[in-house]
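# Coordinate analysis (summary)
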Amino acid sequence: MKVIVKTAGESHGKGIMAMVEGFPSGLKFDEDLINEQLFRRQGGYGRGGRMEIEKDEVEVLSGFYQGESLGTPIVLWIKNRDWENWEEFMSPKDESSSKKKVTLPRPGHADLAGALKHGFRDCRRALERTSARETAGRVAVGGLSRTLLNRFGIEIVSWVTGIGQLKASCNSESDDCQELADKSPVRVPDGEAERKILEEIEGAKADGDSLGGSFEVVASGVPPGLGSYSNPGKKLDARVGAGFMSIPAIKSVEIGLGKGAGSKRGSEVHDEIYHEDETGFYRDSNEAGGIEGGISNGEKLRVKATMKPIPTLGKPLHSVDLTDGEEGEAAKERSDVCAVPAASVVGEAELANIVAGAFLDKFAGDTMDEVRESFERYSERLENWFEG
Ligand code: EPS
């Protein structure tokens, strides 16, 4: 796998760091593009007070020189503005105030499992890293991946397809779902559904509850041939599955028709093959979601994911104190009521990182020029398929 992304940092620590290896030299550092993605991730109706404090902006610490990548490890940094309010509780060096201890684990969060694994009595030691704040780092790297992919005509968009029981409808073949989603406070490209969803979020908040939902991410312009049928770990669908399941709170991932494929006949599921000189091979349907045999087939990559409701509840569920075994209500902290719109932007970044990795596997090169030459040679071969 060519692009390797690692992140570090605590939600209320100094900031979030992302380190990435595998980009060739000569990639432009598009700061505005990265900051725009960070801004999009912070949005969405239903978020808590934290987003009023943060204004995520990327700082590049290594791997770029005079606006272009060096082909060396890249380190990106996003400062936590909230750090100044947490410094006395979050010192990495000295024992700090115990006021922010969390001893009643929240069902659904990593609090209990993390505490048991590491022998913590204070869940803060687990929750700081499991917070979805970490996704700011992936989105920053996603901005680098997008810069690369855009250069080769690959675009990635997303929209929210439902929150709670409410579903939104958008036909991505005829409507510009992304443009509509970008105008919506809940990234829902369907006015009627949006109105009900806003009410639903207000209702959940008033009830001290939270909401999950689902979203769709689509990558267009992906050339055929990314991924592998011979190596299980390099299958594009395996990478999509693992990548999306690594986004906090994601509980299911589907590609194309997804689980719907199990209840239809083969003739209804498989996309018939056509060819025309101008377009090359194409399909008139895309139930496969752009992947067959673990390899991109030239159609749009279509990924759907489902997010569970946020575990921090205004009216907490039953829990047990880790220090003395006393029964009680789970910890209550400032939190989001619904973060599905933000997750859809994180999904875009995840797909960008996955596709960029698979793209650089196929069109490997130490410089952007080498990558471009390899891509152009391959495109030419596909264009002249029947000419020998
Ligand atoms: C989160 C709780 C909230 C979210 C946070 C994830 O933060 P806080 O505890 O500071 O109110 O806002 O998400 C982010 C900070 C972010 O940037 O996405 C949690 O418990 O996972």
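Heads up: the structure comes first, above all this text.
Our subject in this report is the structure included herewith. Everything numeric here is computed off the predicted structure, so don't read it as measured data.

### Concerning the state of the cysteines
As enumerated under the stated definition, the model contains 1 disulfide in all. Here Cys338 is not cross-linked by a disulfide; its sulfur's nearest cysteine counterpart is in Cys170, at 18 Å. You can call Cys338 buried: its relative accessible area is 1%.

### Re the pairing of strand 16 (residues 301-307)
Summarising burial for strand 16: 5 of the 7 residues are buried, a large majority. Sheet analysis places strand 10 (residues 213-220) next to strand 16, joined by 7 bridges and oriented antiparallel. Bridging from a neighbouring strand, Ser214 pairs with Thr306 of strand 16.

### Quick notes on the pairing of strand 13 (residues 280-283)
As judged from the 4 bridges shared by strand 12 (residues 273-276) and strand 13, these two strands associate in the antiparallel manner. Looking across to strand 13, one finds that Tyr274 is bridged to Tyr282.

### Remarks on the packing of helix 1 (residues 31-42) against helix 6 (residues 135-151)
Two numbers describe how helix 1 lies on helix 6: the axes approach to 9 Å, and their chain directions differ by 135°. As far as their axial angle goes, helix 6 and helix 1 are oblique. Two packed elements cross with a definite hand, and for helix 1 against helix 6 that hand is right-handed. Only Thr135, Ala136, Val139, Ala140, Gly143, Leu144, Arg146, Thr147 and Asn150 of helix 6 make contact with helix 1, whose side of the interface consists of Leu33, Ile34, Gln37, Leu38, Arg40 and Arg41. Here the residues of the contact of helix 1 with helix 6 sort into 7 nonpolar, 5 polar and 3 charged.

### What to know about the sheet that holds strand 1 (residues 4-8)
Strand order across the open sheet formed by 4 strands is 1-2-7-4, with antiparallel pairing between neighbours. Edge positions in the sheet fall to strand 1 and strand 4 (58-62), since each of these pairs with one other strand and no more. The mean angle between the axes of side-by-side strands here comes to 25°, regardless of whether they run parallel or antiparallel. Direction of pairing for strand 4 relative to strand 7 (residues 74-79): antiparallel, over a ladder of 4 bridges. Of the residues in strand 7, the one forming a bridge with Ser62 is Val75.

Cut-offs applied
- Residues numbered from 1 in each chain as written.
- Predicted model: local features only at pLDDT ≥ 70, side-chain atom pairs only at ≥ 80, totals over all residues.
- Heavy atoms only, no water.
- Disulfide = S-S within 2.5 Å.
- Buried < 20%, exposed > 50% of the residue type's maximum accessible area, 1.4 Å probe, protein only.
- Helix = DSSP H or I, 4+ residues; strand = E, 2+ residues; numbered from the N terminus.
- Pairing = 2+ DSSP bridges.
- Axes fitted to C-alpha atoms, helices over the stretch in contact; angles between N-to-C directions.
- Parallel < 35°, antiparallel > 145°, perpendicular 65-115°, else oblique.
- Left-handed = near helix turned anticlockwise from the far one by under 90°.
- Contact = heavy atoms within 4.5 Å.
- Nonpolar A, V, L, I, M, F, W, Y, C, P; charged D, E, K, R; others polar.

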